[in-house]
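In case you want the letters, here they are:
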Amino acid sequence: MVGDNRYNPSEVEKYWYEKWLESDCFHSKRYSGTPYVIVIPPPNITGYLHIGHALNNTIQDILIRWKRMSGFNALWVPGTDHAGIATQNVVEKELMKKGLTRKDLGREEFLKEVWQWREKYGNRIIEQLKRLGVSCDWTRLCFTMDKNFSRAVQTVFVSLYKKGFIYRGKRIINWCPRCTTALSDEEVEYSPYNGSLYYLRYPVEGGGFVVVATTRPETMLGDTAVAVNPSDGRYKDLIGKKIRLPFMNRLIPIIPDNQVDMKFGTGAVKVTPAHDPVDYAIAYRHNLEFITVMDETGKMNENAGIFRGIDRFECRTRIVEELRKQSLIEKIETYEYRIGRCYRCDTIIEPYISRQWFVKMKELAQPAIKVVMEGHLKFYPERWTKIYLHWLNNIQDWCISRQIWWGHRIPAWYCSDKACPPIISVETPKECSQCGCKNFVQDEDVLDTWFSSWLWPFAVFGWPEKTKDLEFFYPTSTLVTAQEILFFWVARMVIAGFEFTGKKPFESVYIHGTVRDETGRKMSKSLGNAIDPIEIIDQSGADALRFSLISLTAFGQDVFLPEKFHHKGRNFVNKIWNAYRYIEMLLEKNDCSYIEIDSVESFKDLRLGERWILALLNRKIVHITECLNNFRFNEAADSIYEFFWHQYCDWYIELSKMYHTKEPYLISRVIPVLVYLMVKLLKLLHPFIPFVTEELHSRMKKITNIEDAFITTSSWPSYSNVFDFDDSLELMDRIKEIVVEIRDLKTFFKIPVTKDLQAAYHGISLLDADEYRHMVEFLSGIKFQKADQIIKTHSKDEIVRSRGHGFFSIKLSGIVNIEAEIERLVNEKKKVLRVYQETENKLTNSAFLSNAPSKVIERTKKLRADLELELNKIEKNIKLLTGDVL
RNA sequence: AGGCGGUUAGCUCAGUCGGCAAGAGCGCUUCCCUUACAAGGAAGAGGUCGUGGGUUCGAUUCCCUCACCGCCUACCA
């Protein structure tokens with residue numbers, strides 16, 4: 001026999017991935033057939049493969065392999081994302097080890113460093129993806145900083161600017177003092193924070209105090225007003241009066257504004273227009289002064305008076321101390337609130353006023369809303385539709401400039417000498433049309449990484465050029481992604497799709513759940529709770545990882561992974577491996593070197609076992625295909641698992657052992673059917689566990705007439721009329737029932753397996769047929785004789801059982817524990833009686849009879865009949881055992 | 001504050017249109033190293049389907065209430 005009894009994935013996986021690549025198995029055809037296209041959510045070049053990637057990419061791979069086998073011209077475009085802030089952070093950290101900052105190097109040198117880093121590590125995650133077995137077309141590997149991609153980004157910027165959708169303005173934005181850059185609203189993550197609410201006493205000019213509550217006392221240095229609600233009786237008289245701001249000695253007005261919540265704090269709020277979005281809005285309405293009191297690193301600046309040069313949090317402490325000394329602290333309450341942090345470095349965000357570039361989103365968003373409203377772009381699960389629409393309907397302007405160096409530099413040019421309006425163009429301008437000067441400086445800032453990612457579905461095909469690829473492969477088919485980037489990426493891609501190509505970028509979006517640990521936390525490196533997929537692949541193989549992950553992830557539901565989750569797939573793959581070994585062994589034993597599958601001859605004059613398993617295969621093919629059509633991956637995976645293990649292996653393979661070596665039926669029918677099933681099952685399994693199926697397919701090729709060079713480029717199984725053996729399904733179920741009943745009886749009475757048992761049956765007409773009786777005898781390990789008299793001649797060493805279909809008895813030479821059997825029967829009777837009663841109630845209920853569909857009534861009637869029969873038999877059995885004669 | 005998801009076996013979870021004698025994997029119990037597989041086989045135990053109502057002939061499933069867990073949005077300083 002070939003191979004170890006344990007499947008060893010490591011060599012197999014390496015071998016086949018190389019083979020697939022060598023043979024261009026994952027290439028799409030230019031340009032024929034019906035395209036099915038997926039673009040990968042490009043992983044960040046600084047990233048390592050985590051379990052979330054594994055799930056995301058396994059799903060895509062299942063879809064693409066399934067579609068490829070189903071005859072589509074399947075294309076999966078891979079790529080990576082330059083991840084501006086993250087990558088810059090990584091490289092800066094490297095520099096720091098040498099005691100250098102990016103500023104020491106200067107922009108140009110620093111970018112060289114980053115490019116070098118990316119050459120060295122940028123494809124690390126791609127290599128990890130390959131280990132997962134993903135079938136991307138690697139000849140199309142894209143990067144968001146590729147030349148053509150840059151061109152797409154610049155083109156988009158210019159186009160939007162010309163249409164008036166991009167503007168530059170001084171606004172309050174989210175500022176990360178560590179990354180020293182602006183962030184968009186989406187790049188800020190909020191989390192609970194145990195802080196304090198400080199009640200500050202502001203002296204009113206002319207006597208008295210107003211108490212204001214704040215969580216950030218240090219911002220008081222930039223206060224330019226105190227606001228109260230105009231309908232707040234407490235403060236009516238104060239409106240229009242002035243406050244002398246502590247430390248700054250500045251007079252600031254008390255103003256009325258409806259946005260002030262009377263119920264919160266004291267109902268009076270300090271207004272710091274340059275450091276708070278709400279205050280900014282108030283200030284805008286009241287024409288207040290904007291005073292910035294911090295610098296870009298979060299230190300207090302020259303406007304902070306005596307606190308200049310102190311870090312913002314240190315300043316907070318100092319100010320509170322000082323105010324306390326001056327009796328200007330009313331009280332301090334502990335207060336939990338949500339605080340925004342930088343999604344890249346976790347630093348607390350400072351709302352900060354600065355000049356940035358923005359995209360007006362409202363109008364651009366309209367087609368993206370419409371397409372979903374009209375049902376031309378669908379989300380799976382559907383509930384994301386509402387969340388998507390809610391965001392788009394409330395969309396805010398998008399801050400796209402970043403004060404970093406790594407990224408697409410903003411194509412805005414300023415005259416060196418004069419303050420002309422910026423010139424926006426892809427190329428360096430030659431001459432300013434306003435002042436005629438020829439010297440320009442380019443805007444220092446780069447664009448938000450997502451400002452390039454949102455072009456992904458068409459930029460990967462060469463847009464803005466009108467390429468053949470674009471024409472043929474775009475729009476793409478399905479986008480597979482996680483909920484976290486629905487706004488960041490998905491919604492913006494739809495917007496960009498319509499704005500720049502006039503088309504939706506994809507037909508449907510499947511949003512899978514987030515992978516969490518047992519306690520419900522997101523898996524992340526910083527939490528130290530991450531399961532490393534590469535480690536699992538090393539140990540148990542990519543197939544094991546993929547199958548386990550998919551099987552455990554319900555449609556669109558978050559998944560909580562227990563520690564040994566991957567054992568399910570590992571054990572399953574091992575089972576498949578061994579089933580194959582059995583077939584190979586069987587062929588050897590029977591001198592079969594070559595099996596012609598799909599030959600009409602093999603499917604003639606089949607017995608029950610063959611008819612049954614083929615009919616079941618038919619059903620499975622339909623069901624699994626249906627599941628995949630509906631993104632129900634776990635259901636598909638579990639369905640094949642059940643069929644392969646618990647039908648094919650547990651019953652059909654076992655049944656095949658009933659035949660003697662070289663028995664004609666074995667050779668002419670059983671072996672071909674076994675092989676046929678294996679061939680088809682491997683195909684059904686291939687999208688889920690590509691490696692082991694390819695390996696076994698290649699082995700099958702040597703012994704059968706299958707011609708496909710690779711399973712991955714072979715065809716998906718379909719329903720076959722030849723196997724319309726539906727009558728066999730119920731019949732086989734009954735045989736299985738009888739077998740299980742006998743096995744149970746044997747276990748119950750602790751009868752050794754090997755013991756050659758004589759048994760008799762009565763009233764089970766099924767067993768009158770030699771074929772079926774032999775099956776039961778073989779599978780349950782007893783020998784039958786027909787004996788009508790048995791139930792009348794019960795003796796102590798004979799045990800009688802029944803279930804639905806009659807009686808059988810087994811003659812034992814030893815002692816049987818009659819009491820145990822009686823107890824079991826009594827319990828059984830109770831159980832059956834309860835259900836029988838429920839059924840009876842239904843069927844005597846006229847409302848049920850008149851309202852329920854006839855199908856349900858029929859089913860219920862049949863159930864009642866079965867239960868009644870069973871009850872009778874249990875009772876008779878009890879009588880027999882207690883010695884009552886019938 | 002609003003929205004969404006969850007609550008089913010000891011654990012992790014399925015369960016589509018309302019009708020099942022409510023399922024799986026792991027774990028557990030008993031037996032078995034029977035020549036595909038001990039990462040295995042056979043048999044079995046284990047559930048008031050979160051609470052309280054409602055609709056219905058019939059509810060794990062639909063509606064409402066509440067509780068707890070989680071997530072996402074939001075300008076309460």
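Think of each chain on its own: its residues are numbered from 1, step by step along the sequence as written. A letter from A marks each chain and a number from 1 marks each ligand, given out in the order of writing. Residue-level local features of this predicted model are given only where pLDDT is at least 70; pairs of side-chain atoms are given and counted only at 80 or more, and the full residue set underlies all totals for whole chains, interfaces and linings. Water and hydrogen atoms were dropped before computing side-chain values, which therefore reflect all heavy atoms in the structure.

S.K.: Can you walk me through the overall build of chain A in this structure?
M.R.: In this text, helices come from DSSP runs of H or I with a minimum length of four residues, and strands from runs of E with a minimum of two, each type numbered from the N-terminal end. Scanning chain A from terminus to terminus reveals 27 helices and 29 strands. Scaling as 2.2 N^0.38, a compact globule of 886 residues should have a C-alpha radius of gyration of about 29 Å, whereas chain A reaches 37 Å, well beyond that. Along the first, second and third principal axes, the C-alpha set of chain A runs to 115 × 65 × 55 Å. With 886 residues in all, chain A has 56% of them scored as buried. Should any heavy atoms of two residues lie within 4.5 Å, those residues are counted as being in contact. Look at the contacts in chain A between residues 6 or more apart in sequence, and 78% of them connect residues 24 or more apart. In short, Shrake-Rupley with a 1.4 Å probe defines the accessible areas, and a residue's cover is counted only from the protein chains shown. As displayed, chain A offers around 39,600 Å² of accessible surface, 49% of which is attributable to carbon and sulfur atoms. All tallies of charge rest on Lys and Arg as positive and Asp and Glu as negative; His and the ends of each chain are not included. Note that the charge is assigned to NZ on lysines, CZ on arginines, CG on aspartates and CD on glutamates. A distance of 2 Å separates the average location of the 121 positive side-chain charges in chain A from that of its 116 negative side-chain charges. For a compact globule the rule gives 2.2 Å times the number of residues to the power 0.38, and the radius of gyration it is set against comes from C-alpha atoms. Only protein chains enter the area calculation, which uses a 1.4 Å probe; residues under 20% of their type maximum are buried, those over 50% are exposed, and those in between are partly exposed.

S.K.: In this structure, what is going on with the nonpolar core? I would like to understand it.
M.R.: One recurring pattern in soluble globular proteins: nonpolar side chains tend to sit buried together. Core analysis: the biggest nonpolar cluster contains 217 residues, and Phe 451 and Tyr 648 have the highest contact counts within it. Element by element, the count of residues in this core is highest for helix 21 (residues 664–685), at 15 residues. Residue contacts for Phe 451: discarding those within four places in its chain leaves Val 153, Val 156, Phe 157, Leu 160, Ile 166, Val 359, Trp 398 and Ile 400. Definition used in this section: a nonpolar core is a set of buried Ala, Val, Leu, Ile, Met, Phe, Trp, Tyr and Cys residues joined via side-chain atoms within 4.5 Å. One finds Tyr 202, Phe 307, Cys 315 and Leu 328 within the second-largest nonpolar core, a separate group that totals 37 residues.

S.K.: Is there a simple way to explain the protein's contact with RNA strand B in this structure?
M.R.: A molecule or strand has a residue near it when one of that residue's heavy atoms lies within 4 Å. Taken together, 60 residues form the shell around RNA strand B, and within it Arg 6, Asp 261, Tyr 335, Phe 560 and Trp 645 come nearest. Here RNA strand B approaches the protein such that, of its atoms within 4 Å, sugar and phosphate make up 57%. At the level of elements, strand 8 (209–214), strand 13 (329–342), helix 11 (384–393), helix 18 (567–589), helix 20 (633–656), helix 23 (727–748), helix 26 (846–851) and helix 27 (854–882) are the ones that each hand at least two residues to the surface near RNA strand B. Of the residues forming the surface near RNA strand B, the biggest block, 10 residues, is contributed by helix 18. Amino acid classes used here: Ala, Val, Leu, Ile, Met, Phe, Trp, Tyr, Cys and Pro are nonpolar; Asp, Glu, Lys and Arg are charged; the rest, including Gly, are polar. For the surface near RNA strand B, a count of residues per class yields 25 nonpolar, 16 polar and 19 charged.

S.K.: Is there a simple way to explain the pattern of salt bridges in this structure?
M.R.: Opposite charge on two side chains makes pairing possible when the charged atoms of those side chains draw close. Within this document, salt bridges are pairs made up of a side-chain nitrogen of Lys or Arg and a carboxyl oxygen of Asp or Glu, the two lying within 4 Å of each other. Across all of its chains, the model carries 47 salt bridges by this definition. Here Lys 504 makes a salt bridge to Glu 507, at a shortest N to O gap of 3.5 Å. Arg 619 is the partner of Asp 726 in a salt bridge, and the nearest nitrogen-oxygen pair spans 3.5 Å. Pair noted here: Asp 726 is in the loop between helix 22 (690–703) and helix 23 and Arg 619 is in helix 19 (residues 608–629), with a separation of 107 residues, a long-range link. What you see here is one network of salt bridges that share partners, running through Arg 30, Asp 137, Arg 140 and Asp 469.

S.K.: Quick question: what am I supposed to make of the environment of Gln 403 here?
M.R.: Structurally, Gln 403 can be placed in the loop between strand 17 (401–402) and strand 18 (412–415). The buried category is assigned to Gln 403, whose relative accessible area is 18%. It is 74 Å that separates the C-alpha atoms of Gln 403 and Val 832, two residues lying 429 residues apart in sequence. Engagement of the side chain of Gln 403 in a polar contact is seen with the backbone nitrogen of Ala 182, the distance being 2.8 Å. For the purposes of these results, a polar contact is taken to be a pair of N or O atoms within 3.5 Å, where, inside protein, one atom must be able to donate a hydrogen and its partner to accept one; residues adjacent in sequence count only when each atom of the pair is a side-chain atom.

S.K.: Before we go on, may I ask you to explain the side chain of Thr 839 in this structure?
M.R.: Tracing the sequence through the fold places Thr 839 in helix 25 (residues 818–843). A polar atom in the side chain of Thr 839 sits 2.7 Å from the backbone oxygen of Val 835. Once you skip the residues sitting within four places of it in the chain, Thr 839 turns out to touch Thr 860, Leu 863, Arg 864 and Leu 867.

S.K.: For this particular structure, what's the right way to read the pairing of strand 23 (residues 506–512)?
M.R.: The buried count for strand 23 comes to 6 of 7 residues, which makes it a mostly enclosed element. A strand pair is defined by DSSP finding two or more bridges across the two strands. Bridge analysis of strand 15 (residues 378–380) against strand 23 gives 3 bridges, and the strand direction is parallel. For Phe 379, the partnering residue across the bridge sits in strand 23 and is Val 509. Bridge analysis of strand 22 (residues 476–482) against strand 23 gives 6 bridges, and the strand direction is parallel. When the sheet's bridge partners are listed, Thr 476 is paired in strand 23 with Phe 506.

S.K.: What exactly am I supposed to notice about helix 6 (residues 124–132) here?
M.R.: Side chains of residues three or four places apart in an α-helix project in the same direction, reflecting 3.6 residues per turn. Taken together, the buried positions of helix 6 are occupied by Ile 125, Ile 126, Gln 128, Leu 129, Lys 130 and Leu 132. On its buried face, helix 6 is in contact with helix 1 (9–22), helix 2 (51–69), strand 3 (79–80), helix 16 (533–540), helix 17 (542–552) and helix 22. Gly 133 lies just past helix 6 and shows a positive phi near 95°.

S.K.: What should I look at first to understand the sheet that holds strand 9 (residues 225–228) in this one?
M.R.: One key point about sheets: their strands pair by backbone hydrogen bonds, in either a parallel or an antiparallel sense. Ordered in space as 10-11-9-12, the 4 strands form an open sheet in which the pairing is mixed. Two strands close off the open sheet at either side, each with one partner strand: strand 10 (242–245) and strand 12 (268–271). Across this sheet, the average inter-strand angle for adjacent strands is 30°, counted without regard to direction. The pairing of strand 9 with strand 11 (residues 250–256) spans 3 bridges and is classified as parallel. Axes, fitted as lines to C-alpha atoms, cover a helix only where it is in contact. Angles between the N-to-C directions of the axes lie from 0 to 180 degrees.

S.K.: Can you help me understand the packing of aromatic side chains in this one?
M.R.: The description of an aromatic ring pair rests on the distance of the ring centres and on the angle between the ring planes. Aromatic contacts are taken between Phe, Tyr and Trp rings whose centres are within 6.5 Å, Trp giving its six-membered ring; a plane angle under 30 degrees counts as stacked, one over 60 as edge-to-face, and the others as tilted. This structure, assessed with the given rule, holds 59 aromatic pairs. Here Tyr 161 and Trp 357 contribute two aromatic rings whose centre-to-centre distance is 6.3 Å and whose plane-to-plane angle is 65°, an arrangement assigned as edge-to-face. Remark: Trp 357 occurs in strand 14 (residues 350–359) and Tyr 161 occurs in helix 7 (residues 147–162); sequence separation between them is 196 residues. Measuring from ring centre to ring centre gives 6.3 Å for Phe 572 and Trp 645, while their planes differ by 15°; the resulting arrangement is stacked. On the criterion of sequence distance, the pair formed by Phe 572 in helix 18 and Trp 645 in helix 20 is long-range, its members being 73 residues apart. In this structure an aromatic cluster arises from ring pairing among Phe 157, Tyr 161, Trp 357, Trp 398, Phe 451, Trp 454, Phe 458, Trp 463, Tyr 474 and Phe 500. Here, a charge over a ring is recorded when the distance from Lys NZ or Arg CZ to the ring centre is within 6 Å and its angle to the ring normal is within 35 degrees. Here the guanidinium or amino end of Arg 124 rests over the ring plane of Tyr 48, the centre of that ring lying 3.9 Å away. The side chain of Arg 492 reaches across the aromatic face of Trp 398, ending 3.9 Å from its centre.

S.K.: How should I be thinking about the sheet that holds strand 15 in this particular structure?
M.R.: Judged by pairing direction, the sheet is parallel, and its 3 strands sit side by side in the order 15-23-22 without closing on themselves. The sheet is open, and its two borders are formed by strand 15 and strand 22, each paired with just one other strand. Strand after strand, the sheet turns through a mean of 20° between neighbouring axes, direction not considered. The strands that helix 2 touches are strand 22 and strand 23; relative to strand 22, the one it contacts most, it runs at about 155°.

S.K.: Just to check I follow, could you spell out the confidence of the model for chain A for this structure?
M.R.: Close reading of the predicted structure is inappropriate where its pLDDT is low. On average, residues of chain A score 88 in pLDDT, and 95% of them are at 70 or above. Listed scores for the predicted complex are pTM 0.92 and ipTM 0.94. As a per-residue quantity, pLDDT reports the predictor's confidence and falls between 0 and 100.

S.K.: Before we go on, may I ask you to explain helix 11 in this structure?
M.R.: The complete set of buried residues in helix 11 reads Trp 384, Thr 385, Tyr 388, Leu 389, Trp 391 and Leu 392. For helix 11, the angular spread of the buried residues around the axis is 160°, confining them to a single face. Exposed and oriented more than 90 degrees from the buried face of helix 11 are Lys 386 and His 390. Contact partners of the buried residues in helix 11: helix 10 (366–373), strand 15, helix 15 (486–501) and strand 23. Along the arc lie the directions from the helix axis toward the C-beta atoms.

S.K.: Looking at this structure, how should I read the side chain of His 686?
M.R.: If you trace the backbone, His 686 turns up in the loop between helix 21 and helix 22. If sequence neighbours within four positions are ignored, His 686 has contacts with Trp 20, Arg 65, Met 69, Thr 693, Glu 694, Ile 711 and Thr 712.

S.K.: What's the story with unusual backbone geometry in this structure? I'm lost.
M.R.: Trans peptide bonds make up most of the peptide bonds, and negative phi angles are found at most residues other than glycine. Following Arg 30, the chain continues into Tyr 31 via a peptide bond in cis, with omega recorded as -10°. Of note, Tyr 31 is situated in the loop between helix 1 and strand 1 (35–39). Cis geometry is found at the peptide bond from Tyr 474 to Pro 475, where omega equals 0°. Among the structural elements, Pro 475 can be located in the loop between helix 14 (468–473) and strand 22. Its identity is not glycine, yet Asn 249 carries a phi of approximately 60°, on the positive side.

S.K.: I tried to follow the packing of helix 1 against helix 22 on my own but got confused; where do I start?
M.R.: Helix packing for two helices is described by the angle between their axes and how far apart those axes are. Orientation of helix 1 relative to helix 22, taken along the N-to-C sense of each, is 80°, at an axis distance of 9 Å. Considering the angle they form, helix 1 stands roughly perpendicular to helix 22. On the side of helix 1, the interface is formed by Val 12, Glu 13, Trp 16, Tyr 17 and Trp 20, while helix 22 contributes Pro 690, Phe 691, Glu 694, Glu 695 and Ser 698. Of the residues assigned to the contact of helix 1 with helix 22, the class counts are 6 nonpolar, 1 polar and 3 charged. Throughout, the term roughly parallel applies to angles under 35 degrees, roughly antiparallel to angles over 145, roughly perpendicular to angles from 65 to 115, and oblique to all others.

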